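# Survey of secondary and tertiary structure
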Amino acid sequence: MFILDTERLRLREFTPQDAPFLRALTSEPGWQRNISDPGIRTDAQALAWMEERLFRAYRDTGHGFWAVQRRSDGELLGLCGLFKRPALTQPDLGYALLARHEGQGYASEAAAGCVAHARDRFGWPELLAITAVHNARSAALLTKLGFVEEETRLLDGYTEPSRHFRLRF
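Residues numbered from 1 in each chain as written. Predicted model: local features only at pLDDT ≥ 70, side-chain atom pairs only at ≥ 80, totals over all residues. Heavy atoms only, no water.

Our next topic: the overall build of the protein chain. For the protein chain, the count of helices and strands is 5 helices and 8 strands. Of the regular secondary structure in the protein chain, the N- to C-terminal order runs β-β-α-α-α-β-β-β-α-β-α-β-β. Relative to the globule expectation of 15 Å for 169 residues, the C-alpha radius of gyration of the protein chain, 15 Å, shows essentially globular dimensions. When each of the 169 residues of the protein chain is scored for burial, the buried share is 50%. Long-range pairs, those at least 24 residues apart, make up 58% of the contacts in the protein chain with a sequence separation of at least 6. Accessible surface, the protein chain: about 8,500 Å² in total, of which carbon and sulfur atoms supply 51%. Separation of charge centres in the protein chain, based on 22 positive and 22 negative side chains, amounts to 2 Å. (Helix = DSSP H or I, 4+ residues; strand = E, 2+ residues; numbered from the N terminus. Rg over C-alpha atoms; globule rule 2.2 N^0.38 Å. Buried < 20%, exposed > 50% of the residue type's maximum accessible area, 1.4 Å probe, protein only. Contact = heavy atoms within 4.5 Å. Areas by Shrake-Rupley, 256 points an atom, 1.4 Å probe, with all protein chains shown as cover. Lys, Arg positive; Asp, Glu negative; His and termini not counted. Charge placed at Lys NZ, Arg CZ, Asp CG, Glu CD.)

What follows is the structure in structure tokens.
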């Protein structure tokens, strides 16, 4: 299902056919270092992870992490979206790109589209975001989008502390 377009990008719901892409994305060193190792080594494991984390969120909340595609050629670049984590009181913004697509402004463009979607489509009064403590690039992007860093703390179910950000509309 189509979610939104930006100047260069299209965000849509993931489908089962995207399992190989999700396996590749979650296996990238940046994902492993800054997010976690979800233990996905096969396309079947990727599909199971997608069902649990992505498809369920679409059904239960009407939002989640969406596939980020380049509009010019349809290539999948990463994911970005609005996700309600059990450990947070409000939905948060999350994003990740394949390393070969970093540094081209895609994360910023997709994230800005999701922020506008949260405000304009859902009418939320605020949006949260978390990053790994050492992820300075992500923290800089969140600050650029208007998020304010509030604290660093350990969330229930996580093994490392996270930097916590909030954006009020």
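Sheets are built from strands that pair by backbone hydrogen bonding, the pairs being arranged parallel or antiparallel. Taken in spatial order, the 8 strands make up an open sheet running β1-β2-β3-β4-β5-β6-β8-β7, and their pairing is mixed. Edge positions in the sheet fall to β1 (2-5) and β7 (148-153), since each has one partner strand and no second. Across the sheet, the axes of successive neighbouring strands diverge by a mean angle of 25 degrees, strand direction being ignored. On top of the sheet, helix α1 (residues 19-27) reaches β4 (76-83) and β5 (92-97); it is set at about 85 degrees to β4, its chief contact. Where helix α3 (residues 43-61) meets the sheet, its contacts fall on β3 (65-70) and β4, and the angle it forms with β3 comes to roughly 105 degrees. (Pairing = 2+ DSSP bridges. Axes fitted to C-alpha atoms, helices over the stretch in contact; angles between N-to-C directions.)

Right, let's get into the packing of α1 against α3. Where α1 contacts α3, the axes come no closer than 8 Å and their chain directions differ by 90 degrees. Here α3 runs roughly perpendicular to α1, going by the angle between their axes. Together, Ala19, Pro20, Leu22 and Arg23 of α1 and Asp43, Ala46, Leu47, Trp49, Met50 and Leu54 of α3 make up the contact between the two elements. (Parallel < 35°, antiparallel > 145°, perpendicular 65-115°, else oblique.)

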